[in-house]
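Residues per chain are reported as follows:
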Amino acid sequence: MNTVVPRIAAWSSEQPELRQLRVTPDGLTYKDGEQSGDRDALGFLWVRHSSSPGIGAVQFNRPHPTRQREAMTSLTCQVCSGPATTSELGALWLLHDHWGDWPYWPEGMGESEPPVCETCVPLAAGRCPSLRSSGVALYWVGSYDLFGVQGKVMTRLPRAGQPIEVDNGVYAAADLVAPWVLAYKAIRRLRNCTPVKPAHARRLLHPAASSPAGTRRFS
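So, here's what we can say about the structure.

Quick notes on the rules
- Residues numbered from 1 in each chain as written.
- Predicted model: local features only at pLDDT ≥ 70, side-chain atom pairs only at ≥ 80, totals over all residues.
- Heavy atoms only, no water.
- Core = buried A, V, L, I, M, F, W, Y, C linked by side-chain atoms within 4.5 Å.
- Buried < 20%, exposed > 50% of the residue type's maximum accessible area, 1.4 Å probe, protein only.
- Helix = DSSP H or I, 4+ residues; strand = E, 2+ residues; numbered from the N terminus.
- Contact = heavy atoms within 4.5 Å.
- Pairing = 2+ DSSP bridges.
- Salt bridge = Lys/Arg side-chain N within 4 Å of Asp/Glu carboxyl O.

1. Description of the nonpolar core
Moving on, step 1. In this structure, Leu-92 and Leu-138 are the most contacted members of the largest nonpolar core, which totals 17 residues.
Moving on, step 2. Ranked by residues supplied to this core, first place goes to helix 2 (residues 121-127) with four residues.
Moving on, step 3. If we ignore the near neighbours within four places in the chain, the residues touching Leu-138 are Leu-92, Trp-93, Leu-94, Val-121, Pro-195, Val-196, Ala-201, Leu-204 and Leu-205.

2. Remarks on the environment of Gly-33
Moving on, step 1. Within the secondary structure, Gly-33 is located in the loop between strand 5 (27-30) and strand 6 (45-46).
Moving on, step 2. Here Gly-33 falls in the partly exposed class, since its relative accessible area comes to 28%.
Moving on, step 3. A sequence separation of eleven residues divides Gly-33 from Arg-22, and the C-alpha atoms of the two residues are 9.9 Å apart.
Moving on, step 4. Here Gly-33 is in contact with Asp-38 and Arg-48, once residues within four sequence places are set aside.

3. Notes on the pairing of strand 14 (residues 181-195)
Moving on, step 1. Bridge count between strand 6 and strand 14: two bridges; the pairing is parallel. Looking across to strand 14, one finds that Leu-45 is bridged to Leu-182.
Moving on, step 2. One ladder, built from two bridges, connects strand 11 (residues 110-111) with strand 14; its direction is antiparallel. The residue of strand 14 that forms the bridge with Glu-111 is Arg-188.

4. Looking at the pattern of salt bridges
It is possible for side chains of opposite charge to pair when their charged atoms get near one another.
Moving on, step 1. Scanning the model with the defined rule gives six salt bridges in all.
Moving on, step 2. The salt bridge involving Glu-34 is made with Arg-39; its shortest N-O contact spans 2.7 Å.
Moving on, step 3. Exposure remark for Arg-39: the relative accessible area of 31% places this residue in the partly exposed category.
Moving on, step 4. Two residues, Arg-189 and Asp-145, come together in a salt bridge whose shortest N-O distance is 3.0 Å. One end of the pair, Arg-189, is in strand 14; the other, Asp-145, is in strand 12 (residues 136-156), and 44 residues separate them in sequence.
Moving on, step 5. Overall, Arg-189 belongs to the partly exposed group, its relative accessible area being 22%.
Moving on, step 6. In this structure, a network of salt bridges that share partners links the residues Asp-32, Asp-38 and Arg-48.

Right, dumping it as C-alpha cells:
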C-alpha cells in the first residue's frame, strides 16, 4: 500500500521545546531571548519544535508547527511543498467535507490545512489516513487572509514560573489573551469560495493513472 506522508506531517521524533518558555505579566517570551521566527507577523509567539522528518513514526493528525506555518505563509502545497495550484478563481483547497455545518459553508471558515497542488489531490484524498476518515471537498478560494492561530493560552503556577496550559483554541491578534497564546497552527480565513466543477473534481480525485507502490515522503 502506498502511504503518502505530507510535508507538513510531524514525526514521533519531533517534539515541542518548552524549557525556555517564560510567562510574564505582559505575555509570553523565551528566557534565552526571542530568535528570528519565534514571533509571527500577527505578533503571536510560536512554539519551538525539533525537526527530524523521516525519523520515528509519522503522525498524520499532528502537523509540524514550523512546516505548517511555512506552508500557510507561502501558500505551498501541504503534501509536496511545491506551489499550490491557482486559477482565476483563487487557490485550490482540499477540505474535510463539513457541508451543512452552516449556510454557505465553507465561506468565512477558519482553516488550518494549507492549500494543495492538483498533482497531490489524489494522493492526499485517497491515501492519507487523516483525509480518508472523512469526505473531502475541493474549492477554489479567492481570498485567504491570515486570520490568527490555533494555540494554547499559558499562565504560571502561583509562586513559580512554571508555565501551564489553561485554554486551547483559535485566537485572533485582537483577542485579550493573545499575548499569552503559544501558537502551533496558522489559521487562514477562507472567503470567495467556489466549488471545483464536478467533472474537474472527479478527474483530480480519481485520475486514470495509478501511483507507484511504496511509501512516498515529501521533504
